Amino acid sequence: MKYPFAFLLLLSALCSQSQSLPFNPLFDESKVNSIYITIHEDSLLQLYTDVTSNHEYNVIFIYDDGIQRDTLENTGFRLRGNSSRYSAKKSFKVSFNTYDNGRKYEGHEKLNLNGSHNDPSMIREKLYYDAWNKFGLTARRSSFVRLYVNEFYYGLYTNIEEMDEIWCKERFGDNSGNLYKCTYPTDLTYEGSDQEDYKSIESSSVTGGRAYDLQNNESGDDYTDLVNFITILNQTPISELPCALEKVFDADAFLKAYAMDVASGNWDDYAFNKNNYYLYHDPFTDQIVYIAYDCDNTFGVDWIGIDWTTRSVYEWENSSERPLVTRLMEIPQYRDRYSYYLNELVNNILNPSIIDMHIDSMKDLITPAALEDDFKVFDYGYTDEDFLNSFNTNEIDGHTPYGVKNFIAAFKTNAQSELVLNNISPVIREEDHLPVLPETGEDIFITVTSFDDVSVSSVKIYFSFDSVQYTMATMFDDGQHNDGSAADAIYGIQLEPATANGFLYYHIQSTDNTNLTSRFPVCGDFRTKIGFEPPPLFINEFLAANDNVISDENGEFADYVELYNAGADAIYLGNKYLSDDFLNPSKWRLPAVTLNGNEYILLWTDNDSEEGFNHADFSLNADGEQIGLFSSASEYFAAIDTFTFGLQSANVSVGRLPNGEGPFIILPGPTPGFDNYAVGVTEEVSAGNSLEILSNPSSGMAMIQVVCKPSEQLVTLQLCSLQGLTLKELGSLTLPKGTHTFSVNTTDLPAGLYLVKANFNEKVLVKKLVVQ
C-alpha cells in the first residue's frame with residue numbers, strides 16, 4: 001500500500017490555505033452559547049491573586065448550546081494574555097487534556113476565552129478574524145459565548161481556537177513542522193548563525209519565556225529553520241531576495257497579512273510592535289507561513305496617540321528594524337502586490353457597504369449578552385450606552401477615538417488617496433498535484449491558482465522527467481481539466497505518465513493581458529517523486545497487552561512495537577513516523593537515531609513521550625486497531641509498512657516470521673529487540689546449545705557461559721539495549737563442542753537491564769543481564 005486512500009483525500013483537501021472548514025459546535029457563529037466553569041473558591045481566589053501564574057486549576061467545564069449540555073470534569077483552567085491579566089475582566093484558557101492526557105472536546109484540546117475588556121464593542125477581534133478568513137488567509141475559528149464561573153455571569157467572551165498541533169494538522173494537513181509563537185521583541189533581525197542566540201531572546205510577556213517560542217517538537221528544540229529564514233531575509237542582496245526567500249517563506253501570504261494589519265489598524269503586530277504572530281514551517285511546501293494572532297487592538301483601538309486612519313500605508317512600520325517589511329517593500333513586485341491586496345481589502349472585504357452589514361449582524365447577535373455583562377464597566381467604565389454607540393459613534397473614550405464602522409470608513413478614504421496602484425504581474429500560488437506520489441504509468445494532474453489585477457491571458461507549464469529537456473503545455477480554467485469550476489482562477493492539466501521511476505520537474509508561467517509575466521516558483525522547479533520505493537524497514541513485532549513480558553527503563557510493563565532494518569545499509573529514523581491511525585500518519589515522529597542493517601529498535605507505545613526518546617505519544621488498543629510506519633512529509637507520508645490487528649491476548653506477541661519478509665503470525669514467544677526465532681523454537685537451534693550469565697546481577701564484570709552441542713559452531717555474541725540496539729560486539733568465533741566462558745567489562749554501562757544475544761549458526765538465544 002503506497003498511501004492510505006482516505007488520508008490522500010484529506011491531504012488534497014487541506015493543502016490549500018484558503019480551505020473552508022467543517023462546522024464545529026464549539027465555534028457556532030449563529031448564536032451565543034454558554035460555558036459554565038465550576039472551580040473551588042480557594043482556587044478562584046488564588047487564580048485572581050497570582051495573576052502571572054500559568055498554573056491550571058482543576059475545574060468542571062460545561063458547554064451549553066441551548067439544546068445539549070456537555071460536562072467535562074478534570075479540566076484545566078487558568079488566566080491567559082499579557083496586560084489583560086491585570087484587568088478586572090480577565091481572559092482565560094481552558095485545557096481539556098491537562099488532567100486527562102490526550103483528551104479532546106469536539107476535536108480540540110484547548111480554548112481561549114478573551115474578555116475584550118478594552119473594546120467597548122466587544123467585536124473587534126472576531127471581526128478581524130472574520131475578515132482574515134474572507135481574505136483567504138490561514139483560517140481562524142472564533143465565536144461569542146457567555147461565561148459563567150460558579151454560576152455567576154462573568155460576561156460576554158470571544159471564544160478563539162487554539163493555535164496548536166491540532167490547528168496545524170487541520171489547516172496544513174500535517175503538524176510535524178515547527179510552530180513558533182512570536183512575542184515582543186521578535187523583529188526578525190539577524191542575531192548570528194547560532195540558534196542559541198534566538199532562543200535566549202526573552203519575551204516581555206508577564207509570564208516570561210522565549211520571545212521566539214517553539215510550541216511543538218520541544219524534545220528536538222531545533223531552531224535551524226528559523227535561523228535559516230532570518231539569515232536569508234537579512235543577508236541576501238535585494239536583487240536575489242525573491243528567489244532565495246520564497247524557497248523558505250510564503251512571501252505572498254505575508255503581503256496579504258500585512259495588508260490586513262494595516263487596513264484594520266492592527267498596530268500590536270509584527271510591523272509596528274514586533275509582537276503577536278506565529279510562524280509555521282509547512283513540511284509539504286518547506287516554507288514558513290506567517291499568521292497573526294491576538295488581534296484585539298484593531299479597528300480604532302489606540303494606546304499610543306496615533307491616528308491609525310491617517311498613518312501612511314507605506315510607512316506603517318515603527319522603525320527600520322522590521323526587515324520582513326522594509327526589505328520586501330524595497331522590491332517593486334512585492335510593493336505593488338501589497339498595494340493591490342490593500343486596495344482589494346478596502347474596496348471589497350472591508351468596504352463599508354459590505355462589512356457594515358456583517359457588523360450589524362454581530363451587534364444584533366451579542367446585544368442581549370453584552371447588555372447583561374456587568375464586568376464591562378469595571379476597567380474603563382463602559383456603560384450599556386457606550387456599547388450601543390461603539391459601532392458608529394466616535395470617541396467613546398481616549399483609547400477608542402473611532403467607532404468600528406467609523407474607523408473602516410475613514411481608513412478607506414485615506415488609503416484610496418494614498419495608494420499607488422501599478423499593474424501587478426500575475427499571482428500564482430497553491431500548486432497541487434495528484435496522485436501525490438505517482439507511480440510509473442499513472443496520469444498526473446497538476447493545478448495552480450493564478451489571478452491578476454486585470455486578467456490572466458495564459459498559464460503554461462514547463463515540465464521534464466530529466467531536468468534537461470522541458471516540454472511546454474497550456475493549463476486550463478475551463479472546469480474540464482481537474483481544475484474545479486470554469487473561471488474560478490484554478491488552472492489544471494493532465495500530464496503524460498512517467499515511464500520510469502525518478503522525478504517530475506516543472507514550473508508554471510502566468511501572463512496577463514498586459515504581457516506581465518510571473519514564474520512559480522520564482523526560480524528552480526517543483527520536484528515530484530515518481531514511484532515510491534520503501535526502505536527495508538519493517539514493523540517486525542508488537543505486543544498490545546504487556547502484563548509482565550518486559551519492562552521499560554522505568555520498570556513499567558508498557559506495550560511495544562519492534563522495528564527491524566532488514567537491509568544491509570543503515571536507515572535514519574528521525575524523518576519517519578509511527579501511528580495507530582492511518583488518517584494521521586505523522587502522529588509520532590520516530591527517534592533521531594540511525595538503525596544499522598539487521599538491527600532492531602524497541603519502541604514503547606505507552607502514550608508517555610516524556611519518559612524517553614523511544615516512548616510514543618499513543619498506546620496500542622488490545623481490542624484491535626492499526627499500526628503504520630510512514631515516510632517523511634517530503635514523500636507525503638507514504639506507507640512503508642502497515643498492519644491492522646484484532647483482539648489481542650495478554651503477553652502474546654505478533655510478529656513477522658521470518659523477520660521482515662514473513663507474514664504476521666502469533667509468535668511462539670515474545671522476542672522484543674531480537675530475531676523472532678529467539679524464543680520458543682530453541683530445539684531448532686540444535687539440541688543442547690545454551691546461554692547462561694553466571695554473574696547476574698553484574699558489578700564490573702559479567703561472566704557469560706556458552707555451551708555448544710553437539711558439534712563445532714559459529715557463535716556471535718552481542719550486548720544490546722532493551723530497545724535492540726547493539727552496544728558491544730563481544731566477538732564472532734568458531735567454537736568447538738563443549739562449554740566456553742567469556743568475561744565482559746560492564747563498568748562503562750549505566751546501571752540497568754540489558755540483553756545478551758548469542759547467535760548459533762544464525763539461530764539466536766537471549767538472556768537478560770542486570771548491571772548494578
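Starting from 1, residues in each chain are numbered consecutively following that chain's sequence as written. Per-residue local features are limited, in this predicted model, to residues with pLDDT of at least 70; the limit for side-chain atom pairs, both in listing and counting, is 80 or more; totals at the level of whole chains, interfaces and linings are taken over all residues. Derived side-chain values reflect all non-hydrogen atoms in the structure, with water molecules and hydrogen atoms excluded from consideration.

**Q** Can you tell me about the state of the cysteines, naming the residues and giving the values?
**A** Here, a disulfide means two cysteine sulfur atoms that sit within 2.5 Å of each other. Summed over all chains, the structure comprises one disulfide. Each disulfide pairs two cysteine sulfurs, and for Cys243 the partner residue is Cys523, the sulfurs being separated by 1.8 Å. The sign of the S-S torsion, about 85°, decides the handedness of the disulfide formed by Cys243 and Cys523: right-handed. Placement of Cys243 in helix α7 (residues 241-245) and of Cys523 in the loop between β18 (517-520) and β19 (526-530) is noted, with a sequence separation of 280 residues between them. Buried residues are those whose accessible area, probed at 1.4 Å on protein chains only, stays under 20% of the maximum for their type, while exposed residues exceed 50% and partly exposed ones sit between those limits. A residue is classified by how much of its surface remains accessible, and Cys523, at 22% relative accessible area, is partly exposed. Here Cys168 is not disulfide-linked; the sulfur of Cys182 is the nearest cysteine sulfur, at 13 Å. The class of Cys182 is buried, set by a relative accessible area of 0%. The numbering of helices and of strands both runs from the N terminus, where a helix is a DSSP run of H or I of at least 4 residues and a strand a run of E of at least 2.

**Q** An account of a negative patch on the surface is requested, with residue identities and associated values reported.
**A** On the surface, Glu191, Asp194, Asp197 and Glu321 cluster together into a negatively charged patch. Looking at where Asp197 falls in the secondary structure, it is placed in helix α5 (residues 196-199). Look at Asp197 and you get partly exposed, because its relative accessible area is 33%. Only residues whose relative accessible area exceeds 30% and that take part in no salt bridge are eligible for patches, with like-charged residues grouped when within 9 Å of each other and nonpolar side chains (Val, Leu, Ile, Met, Phe, Trp, Tyr) grouped when within 5 Å. Throughout, the Shrake-Rupley method with a 1.4 Å probe supplies accessible areas, and for residues the shown protein chains are the sole cover considered. Note on definitions: salt bridges are taken to be side-chain nitrogens of Lys or Arg within 4 Å of carboxyl oxygens of Asp or Glu. Positive: Lys, Arg. Negative: Asp, Glu. His and the chain ends are not part of the count. The atoms used to mark charge sites are NZ of Lys, CZ of Arg, CG of Asp and CD of Glu.

**Q** Please provide a residue-by-residue account of the sheet that holds strand β28 (residues 639-645), values included.
**A** Two orientations exist for strands paired in a sheet by backbone hydrogen bonds: parallel and antiparallel. With respect to topology, four strands assemble into an open sheet ordered β24-β23-β27-β28, the strand pairing being antiparallel. The sheet terminates laterally at β24 (588-589) and β28, the two strands that pair on one side only. Pairs of strands are assigned from DSSP output, requiring at least two bridges between the strands. Here strand β27 (residues 625-630) pairs with β28 via six bridges, running antiparallel. Looking at β28, one finds that Gly628 is bridged to Thr642.

**Q** Explain the sheet that holds strand β31 (residues 690-693) residue by residue, including any values.
**A** On the basis of which strands lie adjacent, the open sheet formed by three strands has the order β31-β32-β35 and antiparallel pairing. A single partner strand is all that each edge strand has here, and the edge strands are β31 and β35 (738-745). The mean angle between the axes of side-by-side strands here comes to 20°, regardless of whether they run parallel or antiparallel. Examined bridge by bridge, strand β32 (residues 701-708) and β35 share eight bridges and lie antiparallel to one another. Each residue of the ladder has a partner; that of Ala702, found in β35, is Val744. In this analysis, axes come from line fits to C-alpha atoms, helices being fitted only over the stretch in contact, and the angle between any two N-to-C directions falls in the range 0 to 180 degrees.

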